[in-house]
Amino acid sequence: MSRLSFKEIRGTEDILPEKIGVWRRMENAAREVFDLYCYEELRTPILEETGLFISGVGETSDIVTKQMFSLADRKGRSLTLRPEGTAPIIRAYLKHRIYKNPIAKIFYMGPFFRSERPQAGRERQFHQIGAEAIGCDNPSMDAEVISLLIHLLNKFGITGGRLELNSVGCSLCQGPYKEKLREYFAGEETPLCPDCQRRLNKNPLRVLDCKRPECQSLIVDAPPLPDYLCNSCSEHFQKVQAILKSLSISYHLHPYLVRGLDYYTRTAFEITHPALGSQNAVAAGGRFDNLVEKMGGELTPAVGFALGMERIILIQEKEKVTAPLETRLSVYLAPQGKEAFQEMVNLLKELRQNGIKSELDYEGKRLKNQLRLANKLNAQYVAILGEEELRRKTITLKNMDTGKQEELPIDLSDCLNFISKVLHLIPPHI
RNA sequence: GUGAGCGUAGCUCAGCUCGGUUAGAGCACCAGGUUGUGGUCCUGGUGGCCGCGGGUUCGAAUCCCGUCGCUCACCCCA
């Protein structure tokens, strides 16, 4: 096995036929839910100019400083495999003047790339489903986005998540608060971890996110961010909470929750799930009121989220969420002999053209082995055509669930009618 | 980028501590038992450069070094 020349590169994986149904069901379910909330899909390229992410995500962010898959094109320009979805969506929003609509509600799904060391729930190529509502600063929209996210998770069969909520304020309130944080941490006796000492200068908010015990013990008594919000941010935050309550969405205030991407303002949230490992966030998002302007547009508020599809699947597997049934093979054709085989090639074509999922033995197996294979393929019926049937001008149809079988006239259209009838012609779907 | 654990059949693993015939099991796969009847059962079979390279040794899956890969954790995030 190790002699194979090529394998998937680290942190990427093949999604095999036996698992693809899980993905397709998730994608289809997501599209249904988004439609209910009047979100429309936008697909952006996987490859973008590197500068888009530097200015969008922030040049001090970890994503930009050490996690991007970048490459040079033939003219030496730097391109990057998208590490996140929001910056490209905003780029497309501005380029195509989607802002002509008062509010743009957009969703996306697909692969993203970050060059981190893989571990449970984290791969280098991963898949996200995300949504952005651009052009609305009403706290109701924050609540709608959260409510939409929860609707999606439920549709995927996921319950038991925990919604953490915070407000990180705007540029007005963040300045004084950062100073306050610096004062607080500088005044403490036990030192922060080396990483955090650097963070304290660059972006003190990040210190709040540190999980090291020595920092945690200081963080628990740090001045909580929500206490330092400006009036307008504070009011916004209160309203978001009031609306969530009226929608019966339970949440946990987390005054030290900050997001790792630089563009977030005001509302920040995260949904964690106990079935996940140490990467326990299944979805996260928040408001980004300055990003559109930063990327060259008018000042335009926006709010959105992204969820990790691999993490959804991890939870589903751990919690044994039962997936809807796969499409079942309706008829397996079992001919005995060359003449019978020729007949069945024709029947196979007719069956498939009439929407009946069917399969034929091309190997000339013995009947016993044909039935064995049909059983493994979970076929509903096996159509048997052998010497006896040919002589009597019939075909034998065996119900694999009940074991009962009956002989039908060999005429193709009669056959089709009967099979269609017994199958009730349920259209195949996943 | 840092740390720890693990690499033996398609899959899950035993064997390694204490080196010693042809390296095992279960599942899966193929075939036979039934020359035209599946699932269960019985019997047989295919399938291994024991991750790779080097070292120690009369002898290495087993001990040592290196290397690559995987996994989990740190970091960070979906």
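All figures in this text were calculated on a predicted structure; none of them were measured in a lab.

Colleague: I keep staring at the overall build of chain A and nothing clicks. Help me out?
Modeller: In terms of regular secondary structure, chain A is built from 15 helices and 16 strands. Computed over the C-alpha atoms, the radius of gyration of chain A is 29 Å, more than 25% above the 22 Å expected from 2.2 N^0.38 for a compact globule of 430 residues. With the C-alpha coordinates aligned to their principal axes, the bounding extent of chain A is approximately 95 × 55 × 45 Å. Within the span of chain A, comprising 430 residues, buried residues form 48% of the whole. Of the contacts formed within chain A by residues at least 6 apart in sequence, a portion of 69% connects residues at least 24 apart.

Colleague: So what exactly am I meant to see when it comes to the sheet that holds strand E9 (residues 265-272) here?
Modeller: Sheets are built from strands that pair by backbone hydrogen bonding, the pairs being arranged parallel or antiparallel. In space, the eight strands of this open sheet follow the order E1-E5-E6-E11-E10-E9-E7-E8, with mixed pairing throughout. A single partner strand is all that each edge strand has here, and the edge strands are strand E1 (40-41) and strand E8 (252-253). In this structure, strand E7 (residues 162-167) lies alongside E8, joined through two bridges in parallel fashion. Bridge pairing links glutamate 164 to histidine 252 in E8.

Colleague: Honestly, the UniProt feature "binding site: L-histidine" (unreviewed entry) in chain A in this entry has me stumped. Any pointers?
Modeller: Sequence positions flagged by UniProt for "binding site: L-histidine" (unreviewed entry) are, in local numbering, Glu84, Gly85, Thr86, Arg114, Gln128, Glu132, Arg259, Tyr263 and Tyr264. Looking at the element boundaries, glutamate 132 is found in strand E6 (residues 125-134). Residues within four places of glutamate 132 in sequence aside, it is in contact with Tyr39, Thr86, Ile89, Ala104, Lys105, Ile106, Tyr108, Phe288, Val303, Gly304 and Phe305. Looking at glutamate 132, its side chain comes within polar contact range of the side chain of threonine 86, at 2.7 Å. Examined against the element boundaries, arginine 259 turns out to sit in the loop between E8 and E9. Leave out the neighbours within four places in its chain, and arginine 259 touches Arg206, Tyr264, Ala268, Phe269, Glu270, Ala284 and Gly285.

Colleague: Any chance you could explain the protein's contact with RNA strand B here in plain terms?
Modeller: In the region of RNA strand B, 52 residues are neighbours, and Arg114, Arg199, Arg259, Gly260 and Arg366 sit closest. A share of 53% is what sugar and phosphate atoms reach among the atoms of RNA strand B within 4 Å of the protein. Side-chain polar atom of glutamine 119 to a base nitrogen of RNA strand B: 3.0 Å apart, as the coordinates give it. One nitrogen or oxygen atom from the side chain of arginine 366 is found 2.5 Å from a phosphate oxygen belonging to RNA strand B. Elements with a contribution of two residues or more to the surface near RNA strand B: helix H3 (62-66), E6, strand E10 (281-287), strand E11 (302-308), helix H13 (367-376) and helix H14 (387-392). No other element matches the seven residues that H13 contributes to the surface near RNA strand B. Classifying every residue of the surface near RNA strand B gives 14 nonpolar, 15 polar and 23 charged.

Cut-offs applied
Residues numbered from 1 in each chain as written. Chains lettered and ligands numbered in written order. Predicted model: local features only at pLDDT ≥ 70, side-chain atom pairs only at ≥ 80, totals over all residues. Heavy atoms only, no water. Helix = DSSP H or I, 4+ residues; strand = E, 2+ residues; numbered from the N terminus. Rg over C-alpha atoms; globule rule 2.2 N^0.38 Å. Buried < 20%, exposed > 50% of the residue type's maximum accessible area, 1.4 Å probe, protein only. Contact = heavy atoms within 4.5 Å. Pairing = 2+ DSSP bridges. UniProt positions renumbered as here; feature names shortened; annotations may be inferred. Polar contact = N/O pair within 3.5 Å; in protein donor to acceptor, adjacent residues only side chain to side chain. Near = heavy atom within 4 Å. Nonpolar A, V, L, I, M, F, W, Y, C, P; charged D, E, K, R; others polar.

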